[in-house]
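Below, each chain spelled out in residue letters.
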Amino acid sequence: MNKERFRSQKAEKVLERMGQKLNRQMVGSMVACVHCGMCTECCHYVLANPGDPTYAPAYKADKIRKLFKRHFDWTGRVFPWWVKAGSVFTDEELEELKDTVFGKCTNCRRCSINCPMGVDFATFNRMARGLLVSVGIMPEGVAVVSKDQWEIGNQMGVLKEEYVETLEWMAEELQDELDDPAIEIPIDRPNCDVVYSINPREVKYDPRSISDAAKIFHFAGESWTMPSECWDMTNFGLFSGDDALGGSVARRLYEKVEELGGKRLVISECGHGYRSTRCEGPNWAQFNVPFAMESSVETMIRYIKQGRIKVDKTRNSIPVTFHDSCNNARSCGLFEEPRELLNLVVSDFREMYPNRAENYCCTGGGGAMSMSEYTPRRLKSAVIKANQLKETGAKVVVTSCHNCVDGLSDVIRHYKLGMEVTQLVNLVANALVMEEKAAAVTEKVAVPAEAVAVGAAVMDTPPAEAAIPAKEVPVTTSDGEPEGLPLAGLKLVVADDEPDQLEYLATVFEDHGAEVVRATTGDEALAAVRGEKPDVLTLDLEMPGRDVGDVFETLRKDPEFASLAICIITGRPELRKLIYDRSVRVPEGYLDKPVTPDALVRTIRKVIELRHDA
Ligand code: SF4
Ligand code: SF4
């Protein structure tokens, strides 16, 4: 019996679309492998799983290559047994392929650069991901994130209101920090020299990176702005293999910069965002980009070299090491720029080995952080990165990639390394030297020519006395006296069914002055809100009892609780649709676990501000 007759519809489509995707680069990689095995030990999955051949790059590649040989290469049609050609027939086989292309490779390209035959496995692994995505076969997290980027315009489903509020909030924090009410984060200002685009993670989890960048632009006297829409420079199309998504996301950003009349697009520190926007996007979008594009790392180096900002490296004296993001480094060649900047702003930089093109993936690349079903595998493979980090003796690992920040944080937590992760923008902001006068004069930054002169004047003056203050949530005065706890006077209902998590969250809030009522089920959460009338409800998405989505919707529809602020705190981001698919006002806040005390407190303060504005 001929098995070909029973090929599923999805398998048919995958093969048909594979034919449309094959180009010279892809075919070259398909046919060139001589199975020498030189790539095997390049892969962190292999190194962490000795004796398991299913992680070897060539083994994984052969699962895709066999389809090419069977259907698109004459040798496979004539001698399929000889060249190990094969086909795919059922949806179950496609699911197995999914496990390999999404769950056993982060598309880091370390094997690619070590292949003597020039086989770029990561490139055709991405193609295979795209083929599966086109028939709806993908990890759930990939589906959720792709949907958010298609429909809401950014990977984390950040709504415009939330984004703009965050920028305004950060501008206010800067004004307070620097005691200068003129400081701003300009939104949609036309004809600026710089349009600054960011990763939605910065809005959700790391707004400090936005205020640090704003501080640097301010003291550099830059003519800059941030778009109110189409501001996400990340692009899940790179991870999912969906070129249509890649093109759509890139085009939205390019068109926005054009509309604003921006002269240069500066991309904040994100490896896949930089690669997608700067390198792949113009091809995916078929867009002739009329403005310059650069990484913010390059921007910061330029400001220092031009004397537009002055830095004091002794302010960053803790030993630091640097992790090369796979996309920034191996795929885009940004090896020396971050090191040049680091050497300008830190006093104890230690390389990790291997580094640059040979550095190992943080293990969170290729969208792995969104695929929770593969987390145990990812963390096991992370032992390679953990050992690299440990051997540096550094206390802080710096990386120019938000994805790597998350990947490295997981590695550090899992292997109990006791290190912190930060980015160059944070170190540069911390090393900034400024004078009172500079902050006052830079009110004129709207005029670019003057702005440069202002920056130069700062360089000519004696070093400032004032270091940039610490960026923690301010809970004390400069005398060290209590100024009032940041959550004082607030009542929170904290709902989480995991006792450890519940205690952690409640303790953080109580330590910062809040009164906390605990709930462990959906019903308890509802009853506690009705009985206690809190200012904020924090809600885990997975709890026993009444469905959390129903709890959320019930409260949203009840006019008595119109001013209740709700913040989702979840370890299951794929369950967001329980909340966001409902036709009611979205939550004021959202956090993915694990979450730091600083992020918790900042977020609660923010949701309170949003509530009052509502
Ligand atoms: S991909 Fe390259 S290095 Fe790996 S087995 Fe094939 S030829 Fe050798
Ligand atoms: S791209 Fe990276 S993760 Fe994937 S097989 Fe190659 S070395 Fe391993």
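Notes on the structure follow. (Residues numbered from 1 in each chain as written. Chains lettered and ligands numbered in written order. Predicted model: local features only at pLDDT ≥ 70, side-chain atom pairs only at ≥ 80, totals over all residues. Heavy atoms only, no water.)

**Structural notes on empty space enclosed by the protein**
- Applying the stated criterion to the full structure yields eight cavities of 30 Å³ or more.
- In this structure, the largest cavity occupies an estimated 190 Å³ of space.
- Together, 22 residues line the largest cavity, and Thr106, Asn107, Phe239, Asn327 and Gly366 are the ones closest to its centre.
- Here the residues of the lining of the largest cavity are counted per class, giving nine nonpolar, 10 polar and three charged. (1 Å grid on protein atoms, 1.4 Å probe; cavity = no way out; pocket = protein on both sides within 12 Å on 5 of 7 lines; lining within 4 Å. Points joined across faces, edges and corners; volume = space filled by probe spheres on them. Nonpolar A, V, L, I, M, F, W, Y, C, P; charged D, E, K, R; others polar.)

**Describing the site of ligand 2**
- Every residue lining ligand 2 is accounted for by Cys43, His44, Tyr45, Pro57, Lys60, Cys105, Thr106, Asn107, Cys108, Arg109, Cys111 and Phe121.
- The set of elements that each furnish at least two residues to the shell around ligand 2 consists of helix H3 (44-48) and helix H4 (57-72).
- Residues of the shell around ligand 2, tallied by class, amount to seven nonpolar, three polar and two charged. (Near = heavy atom within 4 Å. Helix = DSSP H or I, 4+ residues; strand = E, 2+ residues; numbered from the N terminus.)

**Overview of the side chain of Arg126**
- With respect to the helices, strands and loops of the structure, Arg126 is situated in helix H8 (residues 121-134).
- On the basis of relative accessibility, which here comes to 13%, the residue Arg126 falls in the buried class.
- In this structure the side chain of Arg126 is engaged in a polar contact, spanning 2.7 Å, whose partner is the side chain of Asp243.
- For Arg126, the contacting residues outside a window of four places in its chain are Asn107, Gly237, Leu238, Gly241, Asp242, Asp243 and Trp284. (Buried < 20%, exposed > 50% of the residue type's maximum accessible area, 1.4 Å probe, protein only. Polar contact = N/O pair within 3.5 Å; in protein donor to acceptor, adjacent residues only side chain to side chain. Contact = heavy atoms within 4.5 Å.)

**What to know about the sheet that holds strand S12 (residues 515-519)**
- With parallel pairing, five strands are arranged side by side in an open sheet as S12-S11-S13-S14-S15. The strands lining the two open edges of the sheet, one partner per strand, are S12 and strand S15 (589-592). For this sheet, the mean inter-axis angle between neighbouring strands, taken without regard to orientation, is 20°.
- Both strand S11 (residues 491-495) and strand S13 (residues 536-539) contribute to a ladder of four bridges, which runs parallel. What sits directly across from Val494, in S13, is Thr538.
- Most of the contacts of helix H25 (residues 522-532) go to S11, to which it runs at about 170°, and overall it touches S11, S12 and S13. (Pairing = 2+ DSSP bridges. Axes fitted to C-alpha atoms, helices over the stretch in contact; angles between N-to-C directions.)

**Section: the site of ligand 1**
- By nearness alone, every residue bordering ligand 1 is listed as Cys33, Val34, His35, Cys36, Gly37, Met38, Cys39, Ala58, Cys115, Pro116, Met117 and Val119.
- Of the pockets mapped on this structure, ligand 1 occupies the second largest cavity.
- Split by residue class, the shell around ligand 1 holds 10 nonpolar, two polar and no charged. (Sits in = over half its atoms within 2 Å of the grid points.)

**Details of helix H10 (residues 160-178)**
- Compared with an ideal rise of 1.5 Å per residue, which puts 19 residues at 27 Å, H10 spans 27 Å between its outermost C-alpha atoms and is within 8% of the ideal.
- Among the residues trailing H10, Asp179 stands out with phi positive, at a value near 50°. (Expected span 1.5 Å × (residues − 1).)

**Examining the pairing of strand S6 (residues 320-323)**
- Alternating positions in S6 separate into two faces, Val320 and Phe322 on one and Thr321 and His323 on the other, with burial throughout.
- Inspection of the sheet shows S6 paired to strand S8 (residues 396-399) by four bridges, in the parallel sense. In the sheet register, His323 faces S8, and the bridge partner there is Thr399.

**Considerations on the packing of H4 against H8**
- At a minimum axis separation of 10 Å, H4 and H8 run at an interaxial angle of 45°. If you check the angle between H4 and H8, you find them oblique. Seen along the crossing, H4 lies across H8 with a hand that is left-handed. Side by side, H4 and H8 meet where Pro57, Lys60, Ala61, Ile64 and Arg65 of the first sit next to Phe121, Phe124, Asn125, Met127 and Ala128 of the second.
- By residue class, the composition of the contact of H4 with H8 is seven nonpolar, one polar and two charged. (Parallel < 35°, antiparallel > 145°, perpendicular 65-115°, else oblique. Left-handed = near helix turned anticlockwise from the far one by under 90°.)

**What about the nonpolar core?**
- Counting residues in hydrophobic clusters, the biggest one holds 99 residues, and the most contacted among them are Phe509 and Leu539.
- No other element matches H10, which puts eight residues into this core.
- Counting only domains with at least three residues in this core, you end up with domain 2 (149-436) and domain 3 (491-610).
- Beyond its immediate chain neighbours, meaning those up to four positions away, Leu539 contacts Ala495, Ala525, Val548, Phe552, Ile566, Cys567, Ile568 and Ile569.
- Among the nonpolar cores identified, the runner-up in size contains 43 residues, and Leu15, Leu22, Ala61 and Val119 belong to it. (Core = buried A, V, L, I, M, F, W, Y, C linked by side-chain atoms within 4.5 Å. Domains from an automatic or database assignment.)

**A word on a nonpolar patch on the surface**
- On the surface, Trp74, Val78, Phe79, Trp81 and Trp82 cluster together to form a nonpolar patch covering roughly 680 Å² of accessible area.
- By secondary structure assignment, the location of Val78 is in helix H5 (residues 74-78). (Patch = residues over 30% accessible without salt bridge, like charges linked within 9 Å, V, L, I, M, F, W, Y side chains within 5 Å. Areas by Shrake-Rupley, 256 points an atom, 1.4 Å probe, with all protein chains shown as cover. Salt bridge = Lys/Arg side-chain N within 4 Å of Asp/Glu carboxyl O.)

**Focus on the packing of aromatic side chains**
- Here the structure, examined in full by the defined rule, presents 12 aromatic pairs.
- Cluster of aromatic residues (ring-pair linked, three or more members): Tyr196, Phe217, Trp224 and Tyr303.
- Sitting above the plane of the Tyr55 ring, Lys104 keeps its charged end 4.9 Å from the centroid. (Phe/Tyr/Trp six-rings, centres within 6.5 Å; stacked < 30°, edge-to-face > 60°. Lys NZ or Arg CZ within 6 Å of the ring centre and 35° of its normal.)

**Let's talk about unusual backbone geometry**
- Each neighbour pair has its own omega, and for Tyr353 with Pro354 the value is -10°, a cis peptide bond.
- For Asn191, which is not a glycine, the phi torsion comes out positive at approximately 60°.
- Take Asn191: it is sitting in the loop between H10 and strand S1 (194-197).
- One non-glycine residue, Lys416, adopts positive backbone phi at about 50°.

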